[in-house]
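A closer look at the structure
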Amino acid sequence: MLARLLTAVFAQNLAAQRFEVVVLDNDAQQSAASVLAEFAARFPQRLTSLTLSVSNISLARNAVIAAARGQYLCLIDDDECPQPDWLEQLLRVQQQYAADVVFAPVVPEYQDGVPEWIRRGGYFERARMPSGTRIDDKNARSGNVLLRRAALAPSVDGNGPFDTAYGNSGGEDTMLFRRLLAAGAGMVWCDEAAVSEQVPLERASARWLLQRSFRTGQLFMRTELAMAAQPRRRAAYLVLRALLQAVLAALLALGLLVFKPLRAFHWARIVASQCGKLNHFRGKKPHIYGQA
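Now for a quick tour of the structure. None of the values given here were measured: they were computed from a predicted structure. (Residues numbered from 1 in each chain as written. Predicted model: local features only at pLDDT ≥ 70, side-chain atom pairs only at ≥ 80, totals over all residues. Heavy atoms only, no water.)

1. Here's the deal with the overall build of the protein
Broken down by element type, the protein carries nine helices and nine strands. Taken over the C-alpha atoms alone, the protein extends approximately 60 × 45 × 40 Å along its principal axes. For the protein, the residues scored as buried account for 45% of the 292 residues in total. Looking at the protein alone, contacts between residues at least 24 apart form 80% of all its contacts between residues at least 6 apart. Carbon and sulfur atoms provide 54% of the accessible area of the protein, an area that totals close to 15,000 Å². Across the protein, the 34 positively charged side chains and the 26 negatively charged ones have centroids separated by 9 Å. (Helix = DSSP H or I, 4+ residues; strand = E, 2+ residues; numbered from the N terminus. Buried < 20%, exposed > 50% of the residue type's maximum accessible area, 1.4 Å probe, protein only. Contact = heavy atoms within 4.5 Å. Areas by Shrake-Rupley, 256 points an atom, 1.4 Å probe, with all protein chains shown as cover. Lys, Arg positive; Asp, Glu negative; His and termini not counted. Charge placed at Lys NZ, Arg CZ, Asp CG, Glu CD.)

2. Quick notes on the packing of helix α7 (residues 206-227) against helix α9 (residues 261-279)
Here α7 crosses α9 at 40°, and the two axes come no closer than 6 Å. Between α7 and α9, the crossing angle belongs to the class labelled oblique. Relative to α9, α7 is oriented so that their crossing is right-handed. For the pair α7 and α9, the contacting residues are Ala206, Leu209, Leu210, Arg212, Ser213, Phe214, Gly217, Gln218, Phe220 and Met221 in the first and Phe265, Ala268, Arg269, Ala272, Ser273, Cys275, Gly276, Lys277 and Asn279 in the second. For the contact of α7 with α9, the residue count by class is 10 nonpolar, six polar and three charged. (Axes fitted to C-alpha atoms, helices over the stretch in contact; angles between N-to-C directions. Parallel < 35°, antiparallel > 145°, perpendicular 65-115°, else oblique. Left-handed = near helix turned anticlockwise from the far one by under 90°. Nonpolar A, V, L, I, M, F, W, Y, C, P; charged D, E, K, R; others polar.)

3. Focus on the side chain of Asp85
Within the secondary structure, Asp85 sits in the loop between β4 (80-82) and α4 (86-97). The side chain of Asp85 is buried and forms no salt bridge, while Arg92, the nearest opposite charge, is found at 7.5 Å. There is a polar contact of 3.1 Å between the side chain of Asp85 and the side chain of Gln83. Apart from the residues lying within four places of it in its own chain, the contact partners of Asp85 are Gln12, Asn13 and Glu192. (Salt bridge = Lys/Arg side-chain N within 4 Å of Asp/Glu carboxyl O. Polar contact = N/O pair within 3.5 Å; in protein donor to acceptor, adjacent residues only side chain to side chain.)

4. Description of the sheet that holds strand β6 (residues 106-110)
An order of β4-β9-β6 is seen for the three strands of this open sheet, with the pairing classed as mixed. A single partner strand is all that each edge strand has here, and the edge strands are β4 and β6. Each strand axis lies, on average, 30° off the axis of its neighbour in the sheet, ignoring direction. Both β4 and strand β9 (residues 195-199) contribute to a ladder of three bridges, which runs antiparallel. Across the sheet, the residue bridging to Pro82 is Val195, located in β9. Packed on one face of the sheet, helix α1 (residues 2-10) meets β4, β6 and β9 and runs near 20° to β4. (Pairing = 2+ DSSP bridges.)

5. Let's talk about the nonpolar core
By size, the foremost hydrophobic cluster in this structure holds 29 residues, and its most contacted members are Leu2, Leu6, Val21, Leu90 and Val102. Those residues in contact with Val21, other than ones at most four positions away along the chain, are Leu6, Val9, Phe10, Arg46, Leu47 and Thr48. Grouped together as the second largest cluster of nonpolar side chains are 24 residues, Leu24, Ala60, Leu176 and Ala185 included. (Core = buried A, V, L, I, M, F, W, Y, C linked by side-chain atoms within 4.5 Å.)

6. Digging into the sheet that holds strand β3 (residues 72-76)
Pairing in this open sheet of four strands is mixed, and the strands run β3-β7-β5-β8 from one edge to the other. In this open sheet, the two strands that pair with only one neighbour each are β3 and β8 (187-189). Adjacent strand axes in the sheet meet at a mean angle of 20° when their direction is disregarded. Seen against the sheet, helix α6 (residues 172-182) touches β5 (101-103), β7 (144-148) and β8 and runs at an angle of roughly 130° to β5.

7. Description of α4
Taking 1.5 Å per residue as the helical rise, α4 with its 12 residues ought to reach 16 Å, and the 17 Å between its terminal C-alpha atoms agrees with that figure. In this structure, the buried residues of α4 make contact with β3, β4, β5, β7, β8 and β9. (Expected span 1.5 Å × (residues − 1).)

8. Focus: the pattern of salt bridges
What the rule picks out here adds up to 11 salt bridges. Residue Arg69 is joined to Glu20 by a salt bridge in which the shortest nitrogen-to-oxygen separation is 2.9 Å. Taken together, the residues span a long stretch of sequence, with Arg69 in the loop between α3 (57-67) and β3 and Glu20 in the loop between α1 and β1 (21-25) at a distance of 49 residues. Through salt bridges with shared partners, a single network forms among Arg61, Asp77 and Glu172.

Quick look at the structure:
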């Protein structure tokens, strides 16, 4: 996947002298070393490769940002692949709207063998909107985004803009974009700068989707309370709301199970999300990156 990504990035329509590429290998075994060596030989002076043995997504992103020299930073994940005018479109919208942050679509690319019900359910689809639409933290993600370096929020812990306290659990991008919004940053959408994201077979299952919904609920509660002016009052409200939504969603899931199983699964995912919100108060953080 990394070789495919780098091939697409270096094939961008944007003039070669206008962008650099920084890759961080966050695997203790440095599994990307051979691919990075190959591309460094093909594109000398344009590729910077870093290694980080600690599995912490915030530390990884902060290291990449520190190494990059440009005034604009475009973040993309290694399982994604951009179209040839990706950077061009992101910069166009940034300049048109004088934006501090530009978000763009991530479109699922299903591997052979992914069940048809997964495709029809649209569980890997994300909301899209016209370019220029103002974005809040609900649609803010770091998988395909342009950041204006000068607008980045100050470091919260001396390591960089992404909070390392969320580096193993996820939610670090939510916290960054919420902080940027609170500081008055302008965040917009660019619908023309889509990237594709591979959906592997191991994620194409009911179990994985329910687990993801559970983790999403945990992270929602954690980040929501971290930003709340009155955390206790906010927590009481969110707990009551989660309990009510979990009960109603469970009733709907059971009622639709026989006649409309896809709709039933939709409500089952909402049950899982509400359970994740309530699970937050057990004090155990989700662990997505690295070993628990």
